[in-house]
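Structural characterization, general
Listed below, chain by chain, are the residues.
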Amino acid sequence: MSGSYGTFSTKQEEKRKRTLPDRELIRRVYKYARSYRRNLIIGASATVAGAITGLAAPYMHAIAIDSIIETKDLSAFIWWIPLFVAIIMGNFAFQSIQTYHMRIVGEKVVARMRDDMMEKLQVVSLRYFSEGEAGRIISRPTNDANTVRIFLRLGLTSILVDISSIMGAFAIMLYLDLRLTLLAISILPVAIILVWFLGKYSRAAYRRTLITTSGLTAKMQEDLAGIKVTQAYAQEEETKKKFLKSQDENVKATIRAILIGSSYTPFVIGLRLIGTMIILFYGAMAVINGSIQIGVLVAFTEYQFSYFMPLVDLVSMYDQYQSTMSAIERMFDVIDTKVEVLDAPLQGASH
Amino acid sequence: MSISKPLLEYARSLKPKGGFTQSISAFRRLLKYHSGYRWFLTAIVILALIRSILFAIEPLYTTYIIIYVIGPPTNLKPLLGYLLVIFLAGIGYAISNFVLTLVHGVMSQYIVRDIRTDYYSSLQSKSFSFYDSRGVGDLTSRATVDMQLVDSFLRTWLGTVLNAVFTTIIIIVIIFPISPIMTLISMATMPLIFYFTTRLWTETMPLFKNMQLIIGRLGSYIQQNIIGMKTVRIFRREDDVVDGFKDVEDVYVNTAINAGKIQSIYTPLGPAILTLGIALVYVYAGETLGVPGTALAIAQVGYLILFARYMMRLTMPIRDLSQTLGTWIAAYAGLERILEITDTPRNVEDLPDAKGLKIGKGKLEFQKVTFGYVKDRPVLDDVTFTVEPGEKIAILGATGSGKSSLIYLVPRFYDIQGGSIKIDGYDIREFKLASLRKQVGVVLQDVFLFSGTIRENIAFGKPDASMDEIVQAAKSARIHDFIESLPSGYDTPVGERGVTLSGGQKQRMTIARALITDPRILIMDDSLSFVDAKTEQEIQAAIEEATKTRTTLIIAQRFSTIKTAQKILVLENGSIAEFGPHEELIANNGVYKRVYETQFIQKASPIIEEAGGA
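Residues numbered from 1 in each chain as written. Chains lettered and ligands numbered in written order. Predicted model: local features only at pLDDT ≥ 70, side-chain atom pairs only at ≥ 80, totals over all residues.

**Describing the overall build of chain A**
Rules: Under the scheme used here, helices are H or I runs from DSSP no shorter than 4 residues and strands are E runs no shorter than 2 residues, and both carry numbers assigned from the N terminus. To assign burial, the other C-beta atoms lying within 10 Å of each residue's own C-beta are counted, with C-beta atoms placed from the backbone; 20 or more indicates buried, 12 or fewer indicates exposed, and intermediate counts indicate partly exposed. Once C-beta atoms are placed from the backbone, any two residues with those atoms within 7 Å are in contact.
Along the backbone of chain A there are 10 helices and zero strands. Along chain A, helices (α) and strands (β) appear in the sequence α-α-α-α-α-α-α-α-α-α when read from the amino end. Expressed as a percentage of its 351 residues, the buried residues of chain A come to 41%. Across chain A, the fraction of contacts at a sequence separation of at least 24, relative to all contacts at a separation of at least 6, is 89%.

In structure tokens form, the structure reads like this:
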């Protein structure tokens, strides 16, 4: 007897407490990635290099305007243009290398983890597949694997890009002007708190859509499994009514999540705007005083752009990171299942 | 042969090119779904235009600060005014962006709902033959996983396309009057960017679509493996399952890597080319700059900065645009899988002049009936017999003799190819499908119960049934006492989330469900073979009670059922071998007598050959 009648639902999966620390999970995923260490190292370095070359662009603009055009020292274009082109081409090349290698790592690691899961599923006790558990087990090599795949391919890269962009932008800003840098980052704490706070609401709303979605999936699955009965009793209309009700709930929850999820962008933009105004006001004064040049002022407004958005991105990435860790844990849960007894061929045929 | 060989062959057969025109026609279909939301579309266009205009304000006013505040000549007076404009434009931008996202999002959910409803409705009207060849898992995943891909495209696509178009136009409108030559220089790279973006799209689209198709199949392969794990174990095919799986994974990973290669070449090209355009503008500006430090020179520098910043800002809509193209590629693969099902024609339908007829006495006639699942391969051939009102006919035959097909023809789960089936003299095609099915009680081979209470399940065919009717049906089906013994009685939940019922209990539940409508005609597929003696007795009693006064066709597994039938129909290879009462057939000394002596006398019951009801 299986004891539990529970059907698969995201709600239950979400509620489950995580037992392994992140560090342990990352270490184990890295074990898989180790075979592709070359790709991983190349990919990661290319990501950092790409972010840095990307950041060099506004600085190059500042040089062009302040030291070359404004001073009519056009001969400097002889070194400036090749360098500018090289930086841009480098940026392009690094991004290509990064996309390519990170994709290889992501796809291969997940494929190997999935292979291990499938291999284990063939030998674990048949009791593992007791009634109502099929949906849960199926979702591990499919849905969970997909979550991890997307994270390794996109999430991990954007975390690397974001971090190196933020660090790079700070470094360059500090090099350009200390006072303006301090002014520029004065709004940061407010921004982080705001994004975190609003993010909590949006995470809760998003979780609700997951629950209604899994309810809708279960409804669909049951309606289709029982379609012959429904048709035999000509109850199509009645069944459809119930399905549409479940669907409407899902639509409502999703719209709510969209509303909450998008409502924090105006605040973020508003805050960034305040930062821009501070820079423009004090920057313009500084240019008039002669303490900085016009190109530096413009570069500052651009760098403010290049650290602010990655930061927001990074904070919102936390969610994806969390769900990926849970997915990884669930995948290892399958891989680690103990093989208790090898069933005799017919033993599992209960009822 | 490996179990996964068909899957592997399928994965390898997918072509890396083509499909572009199909994508356009799928896009048209998607546009049609938008047509009911004209107001949303109008709002999106207006908001996108406002958003693009406001997006261009900040660089313009920063340039004004450089030219008119910093100077020379320096003039602090307009500074706060300019900053205010920048602030208001930014707030306006944020608000229009928010409203646009919301309107777009709401519209996308309505469209997703419409597509899914169409899909669901079409599934409801598909005939049994459609479901015979398709898995529930696959059909569900089309409405969920594939739908999610369509959803993520629908949420932003129009806003992104309009953003790229409007922002480009507005920037050109602002900078062209300032310097036509610099505008031309900076815009010269535009066609190249467009070209590379399109290349990226057309070359990766088929690959992404293939990945989608493989992952879909891989998912149902995993699902089958897990659901059918017992069978895999019994036949010791575990290694086969995993080996084949790894091969398919490899095809998938290689496709992904190929797509990555193409993507990694084209994706960064657009922004790179755009920035090169800026270098050209700088050189031109450097050449034409007036004497440094003068008002003319500062104006030139200010506008130069405007040009450079606008061009850098253009990289964002362009990047978003190619990202949207990427989501379209995935959405297209998903949409195609959804529409493939929605568009499959239904093959059992109401005739135009079908009526809601009432079955009176319940006389059933088969006249020269021919039927096959595949053309020219008849499962039933020239079947003719008559069932008088209230008569019970037991149907007997080996696996594949066409027993199930025969009884499923009565409620038109399948349509016959030749001959006719009549109830009370009316051809069954003269009935409206719903009216026919509501009057023919069916106990299927598969004892499926919906999740819900016992009461809801018994009353499934008659949702407004009174409690008395439900209890009466349960009593007739000999399940009432069991239900009463449960803690919540008739309100006990069953199905995946409820109590687990035994096979025998499930079967009696389905008998009760069939009796609730008090049908004149009853068809039963009694294939439950392995049950203990007590259950056997209870089921027997239930069947007896149910069939007492009704015209009944029953596929019989038990001698007790056959014994109480007025007539026996023996099917052999799709034709009637014998038809008549027990004594008459025994006297005939034919197939029935042989079966009777070998199966029922020696082994009593059931017919071993039918084990598992395959």
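**Considerations on the environment of B:Pro352**
Checked against the element boundaries, B:Pro352 lands in the loop between α14 (295–342) and β1 (364–371). Taking the C-alpha atoms as reference points, B:Pro352 and B:Val242, separated by 110 residues in sequence, lie 52 Å from one another.

**Describing the confidence of the model for chain A**
Residues and elements named next belong to chain A. So the rule is basically this: As a per-residue measure, pLDDT tells how confident the predictor is, with possible values from 0 to 100.
Scored by pLDDT, chain A has a mean of 80; 89% of the residues are at 70 or more. Per-residue pLDDT, averaged within each element of chain A, yields its smallest value for helix α1 (residues 10–15) (49) and its largest for helix α8 (residues 227–232) (89). Scored below 50 in pLDDT, residues 1–11 makes 22 contacts in the model with residues more than four places away or belonging to other chains. Note that pLDDT drops below 50 for residues 343–351; the model gives that stretch 12 contacts with residues more than four away or on any other chain.

**Considerations on the sheet that holds strand β2 (residues 380–387) of chain B**
Spelled out, the test is: Any two strands with at least two DSSP-identified bridges between them are counted as paired.
If you trace the four strands from one edge of the open sheet to the other, you get β2-β1-β4-β5 (chain B), paired in antiparallel fashion. Of all strands in the sheet, those with a lone pairing partner are β2 and β5 (426–427) of chain B, marking the two edges.

**Some thoughts on the interface of chain B and chain A**
The line we're drawing: Residue type decides the class: Asp, Glu, Lys and Arg count as charged, Ala, Val, Leu, Ile, Met, Phe, Trp, Tyr, Cys and Pro as nonpolar, and the leftover types, Gly among them, as polar.
Between chain B and chain A, the contact holds 96 residues from the first and 94 residues from the second. Broken down by element, the side of chain B that touches chain A gets its largest block of residues, 23 residues, from helix α5 (residues 79–124) of chain B. A per-class count over the side of chain B that touches chain A returns 56 nonpolar, 25 polar and 15 charged.

**Description of the domain arrangement of chain B**
Counted only if it meets this: Note that the domain bounds reflect an automated or database-derived domain assignment.
Here chain B is partitioned into domain 1 (5–342) and domain 2 (364–448 + 518–613). Each of domain 1 of chain B and domain 2 of chain B was reduced to a C-alpha centroid, and the two centroids are 58 Å apart.

**Focus on the sheet that holds strand β3 (residues 392–397) of chain B**
Adjacent strands of a sheet form backbone hydrogen bonds with each other and so pair up, either parallel or antiparallel. All names here are of chain B. Filter applied, for reference: Helix axes use the C-alpha atoms of the stretch in contact, all axes being lines fitted to C-alpha atoms, and the angles between their N-to-C directions lie in the range 0 to 180 degrees.
One open sheet holds the six strands; their spatial order is β6-β9-β10-β3-β11-β12, and the pairing between them is mixed. The sheet is open, and its two borders are formed by β6 (440–443) and β12 (575–580), each paired with just one other strand. Sheet twist, expressed as the average angle between the axes of neighbouring strands with direction ignored, equals 15°. Two strands pair when backbone bridges link them, and strand β11 (residues 567–572) and β12 are joined in this way by five bridges, in the antiparallel orientation. Residue pairing across strands places Leu-571 opposite Ile-576, the latter belonging to β12. Its contacts with the sheet place helix α20 (residues 503–515) against β6 and β9 (521–525), and it is angled at close to 175° to β6. Set on the sheet, helix α21 (residues 533–547) makes contact with β3, β9 and β10 (551–555); between it and β9 the angle comes to about 155°.

**Remarks on the packing of helix α10 (residues 190–227) of chain B against helix α12 (residues 238–266) of chain B**
All names here are of chain B. To keep things clear, this is the line we draw: In what follows, roughly perpendicular refers to angles from 65 to 115 degrees, roughly parallel to angles under 35, roughly antiparallel to angles over 145, and oblique to any angle outside these ranges. By convention, the crossing between two helices is left-handed when the near helix turns anticlockwise from the far helix through less than a right angle, and right-handed when the turn is clockwise.
Closest axis-to-axis distance for the α10/α12 pair is 9 Å, and the angle between their directions is 165°. One way to sum up the angle between α10 and α12 is to call them roughly antiparallel. Regarding α10 and α12, the two cross each other, and that crossing is left-handed. Taken together, the residues that form the contact of α10 with α12 break down as 16 nonpolar, six polar and two charged.

**Quick word on the domain arrangement of chain A**
Under the domain assignment, chain A is made up of domain 1 (21–176 + 320–343) and domain 2 (178–291). Here the C-alpha centroids of domain 1 of chain A and domain 2 of chain A sit 23 Å apart.

**Here's the deal with the nonpolar core**
Threshold: When buried Ala, Val, Leu, Ile, Met, Phe, Trp, Tyr and Cys residues are joined through C-beta atoms within 7 Å, the set is termed a nonpolar core.
Counting 165 residues, the largest nonpolar core has A:Ile69, A:Phe300 and B:Val150 as its most contacted members. Once you skip the residues sitting within four places of it in the chain, A:Phe300 turns out to touch A:Met173, A:Leu176, A:Leu180, A:Ala184, A:Ile279 and A:Gly283.

**Quick word on the pairing of β11(B)**
Residue and element names in this part refer to chain B. Taking burial as the measure, the six residues of β11 include five buried ones, the bulk of the element. Here β3 pairs with β11 via five bridges, running parallel. Bridging from a neighbouring strand, Leu-396 pairs with Val-570 of β11. Counting the residues in the hairpin turn of β11 and β12 gives two residues, including Asn-573, whose phi is positive at 50°.

**Description of the environment of B:Ile523**
All names here are of chain B. Relative to the helices and strands, Ile-523 resides in strand β9. Overall, Ile-523 belongs to the buried group, with 29 C-beta atoms counted inside 10 Å. Along the sequence, Ile-523 and Thr-551 sit 28 residues apart, while their C-alpha atoms lie 8.4 Å from each other.

**So, the pairing of β1(B)**
Residue and element names in this part refer to chain B. Relative to β2, β1 is paired through five bridges, and the arrangement is antiparallel. Within the sheet, the bridge partner assigned to Val-369 lies in β2 and is Val-383. Pairing of β1 with strand β4 (residues 418–423), which is carried by five bridges, proceeds in the antiparallel orientation. Looking at the pairing, Leu-364 lines up with Ile-423 of β4.

**As for α10(B)**
Where we set the bar: What a helix should span is 1.5 Å times the count of its residues minus one. Throughout, bend refers to the angle between the axes fitted to the seven residues that end at a position and the seven residues that start at it.
In this model α10(B) runs 54 Å from its N-terminal to its C-terminal C-alpha over 38 residues, within 8% of the 56 Å that 1.5 Å per residue would give. For α10(B), the principal kink sits at B:Thr204 and spans about 35°; a proline, B:Pro206, occurs within the next four residues.

**Regarding the confidence of the model for chain B**
All names here are of chain B. When the pLDDT values of chain B are averaged, the result is 84; 94% of them are 70 or greater. Contacts from residues 604–614, a stretch scored under 50 in pLDDT, to residues over four places away or in other chains number 22 contacts. Confidence metrics for the complex model read pTM 0.81 and ipTM 0.81.

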